[in-house]
Amino acid sequence: MGLVALFAGLTAPGSAAASGPGPAATPGASASLTVEERRLDRAVPQEILRRSGFDGVAAELERALAGARSYEQAERIVVVEGSRLWRRAVDRAQGRGPAGGDLSRDDDRPLYWARLGMTREVREWAPKFGLSDARRAALLGRLEQASRGQDAISYPRSADGKGLKRILVTGFDPFTLDRDIRISNPSGATALALDGTVIRTADGPARIETAVFPVRWQDFAGGTSQAFGTGGGTVERTLRGQLPRVDLFATVSQGRVGRFDIERTNGAWRGGFPDNDDVARTETVPVTDPATQPQWTSTTLPYAAVVAAATGRFPVYDNTSVTEIPAGGTTAVVRPEGPTAGSTARAGGGGNYLSNEIAYRATLLRDRLGLHDTLPGGHVHTPVLQFGAGNTDPATGTVTDPEFVRNRLDIIAQVRAIVGVAADAS
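Residues numbered from 1 in each chain as written. Predicted model: local features only at pLDDT ≥ 70, side-chain atom pairs only at ≥ 80, totals over all residues. Heavy atoms only, no water.

Colleague: Help me understand the overall build of the protein in this model?
Modeller: From N to C terminus, the protein includes 14 helices and 14 strands. When the 426 residues of the protein are sorted by exposure, 56% land in the buried category. Of all intrachain contacts in the protein linking residues separated by at least 6 positions in sequence, the fraction that spans at least 24 positions is 75%. Summed over its atoms, the accessible surface of the protein is roughly 16300 Å², and 52% of this surface lies on carbon and sulfur atoms. (Helix = DSSP H or I, 4+ residues; strand = E, 2+ residues; numbered from the N terminus. Buried < 20%, exposed > 50% of the residue type's maximum accessible area, 1.4 Å probe, protein only. Contact = heavy atoms within 4.5 Å. Areas by Shrake-Rupley, 256 points an atom, 1.4 Å probe, with all protein chains shown as cover.)

Pasting the structure below:
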């Protein structure tokens, strides 16, 4: 999600009429729905759900919640159903069970749209026992965690009793959906394809565990979010207990056209681009203990080894550029070789959107846990996932095509290879 470079590879925004507004929401309920949820009834999301067999997920949750007689029962239901959705998406991506339709198994979009169907059910649910705003928000939070794999990260020991090397990889939801509602995010697809898989490294087998994160500012900030619940701080909550246990981590997102980037430096600045709920934030990245907050954090991934390795058809770059306000200055300038002493961040190598923020938060957490010198970790930007040459108009194009699928599969395979090289070199 390096925004400036990304938009060079995106099609022009489609009109609301072209995307299709869908049927009206239930009277009296539309005001409570999020912007993301309101997109759900358009033709493209419904086609994606139908062609993957995920079109019945929300109805299954609705039926289960109808039998809940207490908040505690409802909480168990959303956790079970959310976990089931995550496992179903992972299984589909990894070739287990029925495909459910003709949409390629590597597609991350069924998970995204099915989850929104589930959150909409919870948001509009009216149980007889009553549900406060705070408890409804808590249910939404539990559902989000479970359906994103955030509470399912687990590293069993190998069959011979020796410890497996532990690798953590994260991805993101699709975003910029008002430009092209057909969009898929290769980082989310990678998370589904790699979750629970084992790769061979120079030190033996390594288990990869994954999770997916939302493209919403508030979820990253903490506090109360209409979309996520009252927990907030989703990155720190998910990673705090994991980083001391893993041997390597990589946060992954979609970045520039035709290239991978290992982002050397991450900045403490939100640049204001709207998120998936059309919310904008322009501010210093909000974290706990802001008095000790650095303007910059750095990757500890073995970037030189990754860049030098043959990992796939896309070139891989060590990206050192940032945008800063120099010490004593007032104007932002680009620094191709990285930040200067005492400067104020305006963009990391990966920009100033949520990909930069997850990289900043994860590496800051690594450092605050005292793991900077022992834990390799940082951010990987994938190429923009592009449709085929004749399928670039969101108003008239199809939801998939052979080149689109090939590009996504190649990106997934190259992320796997990059992670393997990083593990070997660490």
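Colleague: What exactly am I supposed to notice about the pairing of strand β5 (residues 260–263) here?
Modeller: Strand residues, when the strand is regular, have side chains that alternate between the two faces of the sheet. Going residue by residue along β5, you find F260 and I262 tucked away on one face and D261 and E263 tucked away on the opposite face as well. Relative to strand β10 (residues 316–319), β5 runs parallel, the two sharing four bridges. Bridging from a neighbouring strand, E263 pairs with N319 of β10. Direction of pairing for β5 relative to strand β14 (residues 377–382): antiparallel, over a ladder of three bridges. (Pairing = 2+ DSSP bridges.)

Colleague: Can you walk me through the side chain of E209 in this structure?
Modeller: Looking at where E209 falls in the secondary structure, it is placed in strand β3 (residues 204–213). Overall, the relative accessible area of 3% leaves E209 in the buried class. Within the structure, E209 has its side chain in polar contact with the backbone nitrogen of S154 (distance 3.3 Å). Separated by 2.8 Å, the side chains of E209 and R207 make a polar contact. Excluding residues that lie within four positions of it along the chain, E209 makes contacts with A152, I153, S154, Y155, I167, L168, V169, D195 and G196. (Polar contact = N/O pair within 3.5 Å; in protein donor to acceptor, adjacent residues only side chain to side chain.)

Colleague: Sorry, what's going on with the packing of aromatic side chains here?
Modeller: Centre distance and the angle of the planes are the two values used to describe a pair of aromatic rings. Tallied over the full model, the rule gives nine aromatic pairs. Their ring planes at 75 degrees and their centres at 4.8 Å tell us that Y112 and W113 sit as a pair that is edge-to-face. As far as burial versus exposure is concerned, Y112 and W113 are alike and both buried. Summarising the aromatic geometry, the rings of F260 and F314 are spaced 6.2 Å apart at their centres and angled 65 degrees between planes, so their arrangement reads as edge-to-face. Of this pair, F260 sits in strand β5 while F314 sits in the loop between α12 (303–308) and β10, and the two are 54 residues apart along the sequence. Grouping residues by exposure puts F260 and F314 together as buried. An aromatic cluster is present here, built from F175, W217, F273 and Y353 joined pairwise through their rings. The ring of Y317 carries the charged tip of R259 above its face, separated from the ring centre by 4.0 Å. (Phe/Tyr/Trp six-rings, centres within 6.5 Å; stacked < 30°, edge-to-face > 60°. Lys NZ or Arg CZ within 6 Å of the ring centre and 35° of its normal.)

Colleague: Explain the pairing of strand β4 (residues 248–254) to me, please; I cannot follow it from the model alone.
Modeller: Of all seven residues that make up β4, seven are buried, and the element is covered over most of its length. Alternating residues of β4 divide into L248, A250, V252 and Q254 and F249, T251 and S253, and every residue in both groups is buried. Where β4 lies against β14, six bridges are found, and the strand directions are parallel. Across the sheet, T251 pairs through a bridge with H379, a residue of β14.

Colleague: Any chance you could explain the pattern of salt bridges here in plain terms?
Modeller: Pairing is possible between side chains that carry opposite charge, provided their charged atoms lie close to one another. Under the defined criterion, the tally for this structure stands at 35 salt bridges. D410 is the salt-bridge partner of R313, the closest N and O atoms lying 2.5 Å from each other. With R313 in the loop between α12 and β10 and D410 in helix α14 (residues 402–425), the pair connects residues that are 97 residues apart, well separated along the chain. (Salt bridge = Lys/Arg side-chain N within 4 Å of Asp/Glu carboxyl O.)

Colleague: Which parts of the structure should I look at to understand helix α9 (residues 186–194)?
Modeller: For α9, a buried count of nine out of nine residues is recorded, marking the element as mostly surrounded by other parts of the structure. P186, S187, G188, A189, T190, A191, L192, A193 and L194 are the residues of α9 that are buried. Of the residues one or two after α9, G196 is the one with positive phi, at around 75 degrees.

Colleague: What exactly am I supposed to notice about the sheet that holds strand β2 (residues 198–201) here?
Modeller: Sheets are built from strands paired through backbone hydrogen bonds, the pairs being either parallel or antiparallel. If you walk across this open sheet you meet the seven strands as β2-β3-β1-β4-β14-β5-β10, and the pairing is mixed. In this open sheet, the two edge strands, each paired with only one partner strand, are β2 and β10. The mean angle between the axes of side-by-side strands here comes to 30 degrees, regardless of whether they run parallel or antiparallel. Relative to β4, strand β1 (residues 165–172) runs parallel, the two being bridged by four bridges. Paired with I167 across the bridge in β4 is L248. The sheet strands contacting α9 are β1, β3, β4 and β14, and the helix crosses β3 at an angle near 135 degrees. (Axes fitted to C-alpha atoms, helices over the stretch in contact; angles between N-to-C directions.)

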